[in-house]
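Here is what each chain is made of, one letter per residue.
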Amino acid sequence: MKKTLIIMAMEAEARPVIEKLGLKPVADQQNLNGGFPRYRGGFNDHAIMLSLNGKCPVHQVDRIGTEYAALNTQSAILAFQPSLIINAGTCGAFARDANIADIITSNQPVVYHDHRVALEGFDRFAEGHYPTAYHPEYFAGIPHKLGVVTTGNSLDMPEIDEQRIIANKGMAKEMECAAIASVAALYDIEFLPIKSVTDHIDVEVDNAEQFLQNLQQASQRLSEVLPAVLNNIQ
Ligand code: SAH
């Protein structure tokens, strides 16, 4: 049996996945003030833990971004000892690369587009380059695109970020993946991103507006694809 940890940032993204996989909430978590809502269950040959970044108690919103993704991932690894970590979530993409709700995964290292340190050695460190464990058979029968997942802590895309994304051939722009991949690498655990597109980063309409419009469709797509991938992973 494979122990698979699924890390997700937003409750709205995760809700359909939790339902489709039939996961049940883990009660009474004392770790880190219980800040990471967790769900457990079994699916085919997988024991599954799904762990969310949780809500900010001050602002009552999901704790999107890298800091809570890293804390979430490390504490979930210690609690569950997974052999595979999947980061499922939504992303932005260039219109030429993908349509809304398309699935993007990666056979290339995950990078940061907003960590810029022009000092020898630190420059490469800051960019991330954390490994992914893509196997074509995991996605047999599942339409998907392969590209670089690129992480930063902003939803918008200033020109300097766009330049970095293009230089790194970034396809899926999001806010958690590199942080999760770095913790997975720290513990030498296989890591796989599965992203669904909510917004086009190169069109006039505001990303936040597109995101809210397409969140449900993209999350629905994730909830169809995750069980299919888990079926394919033996
Ligand atoms: N405004 C939204 C918050 C979305 S933040 C709300 O009110 O609910 C974006 C979240 O989706 C992050 O977790 C990130 O990983 C992902 N995401 C989707 N599209 C993105 C984009 N274009 N840039 C960065 N992150 C994006």
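Residues numbered from 1 in each chain as written. Predicted model: local features only at pLDDT ≥ 70, side-chain atom pairs only at ≥ 80, totals over all residues. Heavy atoms only, no water.

When helices and strands are counted, the protein shows 6 helices and 12 strands. Against the 2.2 N^0.38 benchmark of 17 Å for 234 residues, the protein shows a C-alpha radius of gyration of 17 Å, consistent with a compact globule. Counting every position in the protein, which comprises 234 residues, the buried fraction comes to 53%. When the accessible surface of the protein is summed, it comes to about 10,700 Å², and 52% of that surface belongs to carbon and sulfur atoms. Here the protein contributes 18 positively and 28 negatively charged side chains, and the mean placements of these two sets differ by 6 Å. (Helix = DSSP H or I, 4+ residues; strand = E, 2+ residues; numbered from the N terminus. Rg over C-alpha atoms; globule rule 2.2 N^0.38 Å. Buried < 20%, exposed > 50% of the residue type's maximum accessible area, 1.4 Å probe, protein only. Areas by Shrake-Rupley, 256 points an atom, 1.4 Å probe, with all protein chains shown as cover. Lys, Arg positive; Asp, Glu negative; His and termini not counted. Charge placed at Lys NZ, Arg CZ, Asp CG, Glu CD.)

It is worth spelling out the pattern of salt bridges at this point. Applying the stated criterion to the full structure yields 8 salt bridges. Beyond isolated ion pairs, a larger network of salt bridges with shared partners links E11, R15, K55 and D62. (Salt bridge = Lys/Arg side-chain N within 4 Å of Asp/Glu carboxyl O.)

Right, let's talk about unusual backbone geometry for a bit. A positive phi angle, near 50°, is found at Q81, a position not held by glycine. By the element assignment, Q81 lies in the loop between helix 2 (66–80) and strand 5 (84–93). With a relative accessible area of 52%, Q81 lands in the exposed category. Non-glycine residue D188 carries a positive phi angle of around 60°. With respect to the helices and strands, D188 occurs in the loop between helix 5 (177–186) and strand 12 (190–200).

So, on to helix 2. With 15 residues, helix 2 extends 21 Å from end C-alpha to end C-alpha; this agrees with the ideal 21 Å at 1.5 Å per step. For helix 2, the complete set of buried residues consists of T66, A69, N72, T73, S75, A76, I77 and F80. Phi turns positive one or two residues past the end of helix 2, at Q81, with a value near 50°. (Expected span 1.5 Å × (residues − 1).)

This paragraph deals with the environment of T66. Residue position: T66 is located in helix 2. Exposure remark for T66: the relative accessible area of 10% places this residue in the buried category. Distance from T66 to N53, taken between C-alpha atoms, is 9.7 Å for residues 13 residues apart in sequence. Among all residues touching T66, those that are not within four sequence positions of it are Y112, T151, N153, M175 and A179. (Contact = heavy atoms within 4.5 Å.)

Turning next to the site of the ligand. The ligand sits among 18 residues. The nearest are T90, K173, M175, E176 and D199. Between the ligand and K173 there is a distance of 2.8 Å, counted from a nitrogen atom to a side-chain nitrogen or oxygen. T198 is positioned such that a nitrogen or oxygen atom in its side chain is 3.4 Å from a nitrogen atom of the ligand. A majority-of-atoms criterion places the ligand in the largest pocket. (Near = heavy atom within 4 Å. Polar contact = N/O pair within 3.5 Å; in protein donor to acceptor, adjacent residues only side chain to side chain. 1 Å grid on protein atoms, 1.4 Å probe; cavity = no way out; pocket = protein on both sides within 12 Å on 5 of 7 lines; lining within 4 Å. Sits in = over half its atoms within 2 Å of the grid points.)

So, on to the nonpolar core. Across soluble globular proteins, nonpolar side chains show a tendency to be buried alongside one another. Judged by nonpolar contacts, the single largest core of 29 residues is most densely connected at L5, I85, I104, V110 and F191. At 7 residues, the largest contribution of residues to this core is made by helix 5. Leave out the neighbours within four places in its chain, and V110 touches E127, G128, H129, Y130, T132, V149, T151, C177, A178, A181 and F191. The next biggest cluster of nonpolar side chains, apart from the first, holds 28 residues, and it includes A14, F43, L84 and V229. (Core = buried A, V, L, I, M, F, W, Y, C linked by side-chain atoms within 4.5 Å.)

Moving on, we come to the pairing of strand 3 (residues 38–43). As judged from the 2 bridges shared by strand 2 (residues 24–25) and strand 3, these two strands associate in the antiparallel manner. Each bridged residue has a counterpart across the sheet, and for K24 the counterpart in strand 3 is R40. Between strand 3 and the antiparallel strand that follows it, strand 4 (residues 46–52), lie 2 residues; N44 among them carries a positive phi value of about 50°. (Pairing = 2+ DSSP bridges.)

Glancing now at the packing of helix 2 against helix 5. Where helix 2 contacts helix 5, the axes come no closer than 8 Å and their chain directions differ by 30°. Comparing the axis directions of helix 2 and helix 5 gives the class roughly parallel. Where helix 2 crosses over helix 5, the two elements pack in a sense that is right-handed. The segment helix 2 lies against helix 5, with T66, A69, A70, T73, Q74 and I77 engaging A179, I180 and V183. Per-class residue counts for the contact of helix 2 with helix 5 are 6 nonpolar, 3 polar and no charged. (Axes fitted to C-alpha atoms, helices over the stretch in contact; angles between N-to-C directions. Parallel < 35°, antiparallel > 145°, perpendicular 65-115°, else oblique. Left-handed = near helix turned anticlockwise from the far one by under 90°. Nonpolar A, V, L, I, M, F, W, Y, C, P; charged D, E, K, R; others polar.)

So yeah, pure geometry; function would need other evidence.
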